[in-house]
Amino acid sequence: MSSWRATVFTLFPEMLPGPLGVSLAGDALVRGVWTLETQDIRDHGIGRHRSVDDTPAGGGAGMVLRADVLAASLDAGLAAGDTRPRLLMSPRGAPLTQAQVRDLSQRQGVVLVCGRFEGIDERIIEARGLTEVSIGDYVLSGGELAAMVLLDAAVRLLPGVMGKEASGAEESFEDGRLEYPHYTKPRDFEGRAIPEILLSGDHAKIAAWRKAEALRITQERRPDLLQGAEAKAEPRKR
Ligand code: SAM
């Protein structure tokens, strides 16, 4: 099977693979399960100084990444028939979800565009069919860390990265639930014991306990997830 391909458009290609070069993702990168290509947007900058930004139309603070520069970079860096999703890392985007990450991991790969400064010229979004994606309700100084978060989440779901027994199917956000608590040795930690049932060897009871704990924790911390899962399970009656 061919590798899952990630292409990242950035002004700071040296930031990658960064943390993706170690542990699960790094090992998978070395084994060729996925490939990572960076495209330096500045290669298409204008003039002797390879300028990529300019002042915002209408005035105001900061600088804006130019649409023509980014278009030149995207057009040169992507083949005509490339059907991978093109995502722009952006605090204005829809929040990234596990379902979206899983969907991306099942495609051929992804194209990620990293903004900088005050952001990028709005016109490029429609002109090059970019979809805005946010990793949370806070503002980073650039899209690279957000791109790496997305890639880490997607790469670990690729076949052969986590191993068969840890497919991620029981993890948080799967099935609209947060995950149940984990325990390991020692049996007694500073007077705190492992729940008896986990030491019982009764797999059916353990599975039921984990399911109940996952539900309890989700109800306490993220009731919105349960509502979302119910809404998906039961299409609205007319
Ligand atoms: N002025 C923009 C705003 O208020 O929405 C913020 C621009 S931010 C300083 C520069 C770049 O960082 C953005 O273009 C985007 O690529 C990236 N970025 C910042 N926060 C992000 C987030 N929460 N999720 C994804 N990307 C983000």
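Residues numbered from 1 in each chain as written. Predicted model: local features only at pLDDT ≥ 70, side-chain atom pairs only at ≥ 80, totals over all residues. Heavy atoms only, no water.

Points about the overall build of the protein
Alright, step 1. Helix and strand counts for the protein come out as seven helices and nine strands.
Alright, step 2. The principal-axis extents of the C-alpha atoms in the protein amount to approximately 70 × 50 × 40 Å.
Alright, step 3. Per-residue burial for the protein yields a buried fraction of 38% across its 238 residues.
Alright, step 4. For the protein, the proportion of contacts with a sequence separation of at least 24, taken over those separated by at least 6, is 74%.
Alright, step 5. Within the structure as shown, the protein displays about 14500 Å² of accessible surface, and the carbon and sulfur contribution to it stands at 52%.
Alright, step 6. If the 30 positive side-chain charges of the protein are averaged to one point and the 34 negative ones to another, these points end up 4 Å apart. (Helix = DSSP H or I, 4+ residues; strand = E, 2+ residues; numbered from the N terminus. Buried < 20%, exposed > 50% of the residue type's maximum accessible area, 1.4 Å probe, protein only. Contact = heavy atoms within 4.5 Å. Areas by Shrake-Rupley, 256 points an atom, 1.4 Å probe, with all protein chains shown as cover. Lys, Arg positive; Asp, Glu negative; His and termini not counted. Charge placed at Lys NZ, Arg CZ, Asp CG, Glu CD.)

Details of the domain arrangement of the protein
Alright, step 1. Assigned domains within the protein: domain 1 (4-155) and domain 2 (172-233).
Alright, step 2. Each of domain 1 and domain 2 was reduced to a C-alpha centroid, and the two centroids are 36 Å apart. (Domains from an automatic or database assignment.)

Some details on the site of the ligand
Alright, step 1. Residues in close proximity to the ligand total 19 residues, the closest being M89, G115, E118, Y138 and L140.
Alright, step 2. E118 places a main-chain nitrogen or oxygen 2.8 Å from a nitrogen atom of the ligand.
Alright, step 3. Between an oxygen atom of the ligand and a main-chain N or O atom of G143, the distance comes to 3.5 Å.
Alright, step 4. With the chains in place, 83% of the 580 Å² that the ligand exposes on its own is no longer accessible.
Alright, step 5. Looking at the shell around the ligand, the elements with two or more residues in it are β5 (86-95) and β7 (131-134).
Alright, step 6. Classifying every residue of the shell around the ligand by side-chain character gives nine nonpolar, eight polar and two charged. (Near = heavy atom within 4 Å. Polar contact = N/O pair within 3.5 Å; in protein donor to acceptor, adjacent residues only side chain to side chain. Nonpolar A, V, L, I, M, F, W, Y, C, P; charged D, E, K, R; others polar.)

Quick notes on the pattern of salt bridges
Alright, step 1. In the structure shown here, the tally under the stated rule is 16 salt bridges.
Alright, step 2. Two residues, D68 and R66, come together in a salt bridge whose shortest N-O distance is 2.6 Å.
Alright, step 3. The class for R66 is partly exposed, based on a relative accessible area of 27%.
Alright, step 4. One salt bridge connects R92 with E122, and the closest N-O pair in it is separated by 3.0 Å. Placement of the pair is R92 in strand β5 and E122 in the loop between β6 (109-114) and α4 (123-127), with a sequence separation of 30 residues. (Salt bridge = Lys/Arg side-chain N within 4 Å of Asp/Glu carboxyl O.)

What to know about helix α6 (residues 203-221)
Alright, step 1. With 19 residues, α6 ought to run about 27 Å at 1.5 Å a step, and its terminal C-alpha atoms sit 27 Å apart, in line with that.
Alright, step 2. Within the span of α6, buried status applies to I206, W209, E213, A214, I217 and T218. Seen end-on, α6 carries its buried residues on one side only, within an arc spanning 160 degrees. For α6, the exposed residues lying more than 90 degrees away from the buried face are A204, K205 and K211. (Expected span 1.5 Å × (residues − 1). Arc of directions from axis to C-beta.)

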